[in-house]
Structure formats: structure tokens, C-alpha cells
Amino acid sequence: MINTLEVNKFSDEFDSAQEKFAGQIEVIDRSGLVTSQSDAVRELLMAQEPNQQGFYAVELTGHLLRNDPRVARVLGRIILMPNKRLGALSPAIITRGQEADYDITMLDLPFATKAGFTAGQHFGLSVKAQTRVEGFGGHSRAGAFEAGHFSTVLVGTRDESLAQNIMKSGDAATHQVIGRGVPEAMAETDMLNVPYRTVRLSADNHANLAVFWHPALDTEKGPASGDYPDAVRLMLGAGVAVLGQRGLDDARRLVDYATEGIA
Amino acid sequence: MPEQIEQLFFDPFAESSEQLFDSLKSHEVLFAHYEAGKVEHDYSADEFVADTEALMLDARFVGQFEQAQAIAAQMHLLCAEDHGLRSSMNDSLLFAQPAEHDDHDHSILNHMTIKERKTRKDEEKERKEKRAASLLVKFFPKLFAKA
């Protein structure tokens, strides 16, 4: 005698089955792994079933990067993408570029289900997300401290060609770095110990991306996103720590030279 | 042709010759690694974050960070001059909250309270209105002449 019905709780069937068989048959969540029932998780997974290892395929097919509303549910969320080099999935994030394009940033670190999504991975991808928010590197929120321009100066102390560009072109040079990606630039100059792999796809790109999700990416606030607290400040702190007093003196000299050049 | 592409998946991180693959079955090997428990966590980024967070609490580091913020202020000013945006910077400072700048905005305006800033703005407005009125009286005296 059948007295249970197993249905993925993220499917439409789950609610209707519960209603239809109320008091007769127990409707059991078949996914069995996801703890959050937030709308964002439902939306992200679109009633997908997990595979045997507990990973969900996130459907991102078709004209993914062409103003497709499906992109919105993934933007800024932590996702998993295949990393052939590691033979594993790696945490990744999709952010808007400055033009009509998208950055897909993947950490060159494996996602291990036992450890789950850890602070280091969360920080790494949050820095990317938080340096892509509107206003970062901008002039409208003027004041004494603007992280975008400052991070560029830090990179300039370790990158001679950038230093020359800052002295020659001033602001234009800083925006080249900001546009390309600040965390990547800081990692390349050994100020961030986070291995990034970033590709930029045009909004016209016609691509079906292989994207996955795991319940370890579920949080009390819904699917994990690039919201590590004060990630940008921590990034700058890491830069200052690596440079030390001597590096700061170099940074000051660089800005002095650049100011003289502009004046 | 587009329909054929629709069936293909795209790995933006792979070598150009290997970017397109025919289905998610290509990931069987990858998931077999998970099944066999071969995927180990890499703690390098976690250690880096923990070390940096601890360091940022150190008093000596706080001093260096303040120096860094002073350099940042100079750089930002340079960039604003480069853009010719000094005036817009001053305007926006009238409305800026000190907290928006990590509590380290050294401009005089940002040391004023919100009430003080509003008063200053009102005074400026009043002064401009008075000046406009006096100019009107000066150039169009007939308009203001008593009947």
C-alpha cells in the first residue's frame, strides 16, 4: 500500500500534491538536501532535481547574456562552474561589466562538499561583487576615501607600467584598472592571496553555460551572494599590510608625482 | 546553425578549441571525483582572510591604514581635478554623511553636523535670493516704483 509520495519541494507538484492528498498520503520532499525554502532558492533552481552527489544544475541556456530575465536570478549569487584544471567545481560569480557585458569570475579553488562554502571563498567572490557596484571608482560620492582610486595606487606601487601611466594620464589610468577588475589586479601583484580566473562576455554572447548549485550555498538570507561584510576594506587592508611602510611611502610619492604632472 | 549551437554548452574558462562541448555528460568525470571523495578543500584563501582580519585589529596597522587613507584622499582629489569635477565634489560633500567615507573625511564640511550643513545651505540660498532681488530693483526700477 502506497502511503508516501516523494516530490521535489521546489517543483509545482509539491504544493498541489500536498493539497490533493492531504490526510491520505504523506508528501515527502524528494530533494532532501535543501534546507531553505526561500523564493530566491526556488527561483534559482527552477524545480531541478539534484544529482547523486547533491548538485543541482542551474538552467542558464539560450540567450543567457542578452537581457534574459534568467540572468537576474543568478547575478551576484554564488554559483559553481566546472574547473577542468582541478577536476572539480569551483565557486564563481557573474557580475555586470561597465559596458554591455558581464564578468564571469571563478576562484581557481575547488568546492569541496565537506568543507562547504568557506570564508576565504566568500571573501574572494564578494570583493569582485563589491568592486562592481555602481559608484565604485566613481567621483559622485566624493570625499577623502574612494576605494577604487586608492586600490589602483596600491597596485601602481608594484606595477611599474601602471605607475608610469598614473603619472602620465592620472585618472584615466586608474579607470583602466577599475574597468579591468581591481581584485584581479591586486591578486596579480601578490596583494591578495586569492586565485581568480575572470572572463568577460559580451551581452550579445549566445552561450549555454554549465552552472551548478549545492545546498551548502544556502544561507539564512537565501542563496549565498557576494555580501561578505566590508570585503573591499579588507582587500585594501591586505594591500596595505603587504606593502608595509615602505610601500606606503612609494604610494605617496607616486601620487605626488602624478599631482605635479597634472598641475 | 543557431539551433545546433543551442545544444552545445560553453566553458568560458577552457582553451578556445575546447570551449564548446556537446552535453553535461562531459561532467561525468568531474562528478565521479566527488563520488570518490577526491575533491579536497584548499584552505589558502581562508588562512589569508583570517590573517588579514587579525592584522587589521593591530594598533600599528591601524596607524598605517590611516596614512593610506590620507594618500587615498590625495589621489581622489587628483582624479577629480583631472576630471574638472572639484565643484561637483564640493556640492556632493554638502549632502555627504561622514560614515560614507569611513569616518575619515577630512574636509571641513564633513565635520559639520547635518543641521549645520542645512543651515549653511539655507543661508547661501537666502543670500542669492537677496542679491537677485537687488539686481532686479537696480535694473528694472520702474517695476518696483510705488504707484
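Residues numbered from 1 in each chain as written. Chains lettered and ligands numbered in written order. Predicted model: local features only at pLDDT ≥ 70, side-chain atom pairs only at ≥ 80, totals over all residues. Heavy atoms only, no water.

## Quick notes on the confidence of the model for chain A
Residues and elements named next belong to chain A.
Argument step 1. Here chain A shows a mean pLDDT of 79. Residues at 70 or above account for 74%.
Argument step 2. Across chain A, the secondary-structure element scoring lowest on mean pLDDT is strand β1 (residues 4–7), at 54, and the one scoring highest is helix α4 (residues 119–130), at 94.
Argument step 3. Predicted confidence is poor over residues 30–37, with pLDDT under 50, and the contacts of this stretch with residues over four places away or in other chains come to 28 contacts. (pLDDT = per-residue confidence, 0-100. Helix = DSSP H or I, 4+ residues; strand = E, 2+ residues; numbered from the N terminus. Contact = heavy atoms within 4.5 Å.)

## Concerning helix α7 (residues 171–180) of chain A
Argument step 1. The complete set of buried residues in α7(A) reads D171(A), A173(A), T174(A), V177(A), I178(A) and G179(A).
Argument step 2. Following α7(A) by one or two positions, G181(A) adopts a phi angle in the positive range, close to 130°. (Buried < 20%, exposed > 50% of the residue type's maximum accessible area, 1.4 Å probe, protein only.)

## Observations concerning the nonpolar core
Argument step 1. Among the nonpolar cores identified, the biggest contains 92 residues, and M81(A), F123(A), L192(A), M235(A) and Y34(B) are the most heavily contacted of them.
Argument step 2. In terms of residue count, the dominant contributor to this core is helix α9 (residues 231–262) of chain A (13 residues).
Argument step 3. Leaving out residues up to four positions away in the same chain, M235(A) has contacts with F123(A), V127(A), T131(A), S151(A), V182(A), P183(A), M186(A) and L192(A). (Core = buried A, V, L, I, M, F, W, Y, C linked by side-chain atoms within 4.5 Å.)

## Concerning unusual backbone geometry
All names here are of chain A.
Argument step 1. Located in the positive-phi region is D190, a residue other than glycine, with phi close to 60°.
Argument step 2. Inspection of the secondary structure assignment puts D190 in the loop between α8 (182–188) and β7 (196–202).
Argument step 3. The class of D190 is exposed, set by a relative accessible area of 58%.
Argument step 4. Positive phi, normally seen in glycine, also occurs at D230, with a value near 50°.
Argument step 5. Summarising the element assignment, D230 is placed in the loop between β10 (222–223) and α9.
Argument step 6. A relative accessible area of 55% places D230 in the exposed class.

## Here we look at the packing of aromatic side chains
Argument step 1. Going through the model one piece at a time under the given rule, you end up with nine aromatic pairs over all chains.
Argument step 2. Centre to centre, the rings of F55(A) and F111(A) are 6.2 Å apart; their planes meet at 70°, and the pair counts as edge-to-face. You can see F55(A) sitting in the loop between α2 (39–45) and β3 (56–58) and its partner F111(A) sitting in the loop between β6 (101–107) and α4, a full 56 residues away along the chain.
Argument step 3. Since its relative accessible area comes to 0%, F111(A) is described here as buried.
Argument step 4. Ring geometry for F123(A) versus F48(B): centroids 6.3 Å apart, planes at 50°, classification tilted. Separated into two different chains, F123(A) in helix α4 and F48(B) in helix α3 (residues 44–55) make up a pair that spans both. The exposure classification of F123(A) matches that of F48(B), with both residues buried.
Argument step 5. Every member of this aromatic cluster is reached through a ring pair, and the members are F55(A), F111(A), F212(A), F31(B) and Y34(B). (Phe/Tyr/Trp six-rings, centres within 6.5 Å; stacked < 30°, edge-to-face > 60°.)

## Section: the pairing of β6(A)
All names here are of chain A.
Argument step 1. Among the seven residues of β6, seven are classified as buried, and the element is accordingly described as predominantly covered.
Argument step 2. Side chains D101, D103, T105 and L107 project from β6 onto one buried face, and the interleaved Y102, I104 and M106 project onto a second face that is buried too.
Argument step 3. Sheet topology places strand β5 (residues 88–96) next to β6; five bridges connect them, and they run antiparallel. Directly across from I94, in β6, lies its bridge partner I104. (Pairing = 2+ DSSP bridges.)

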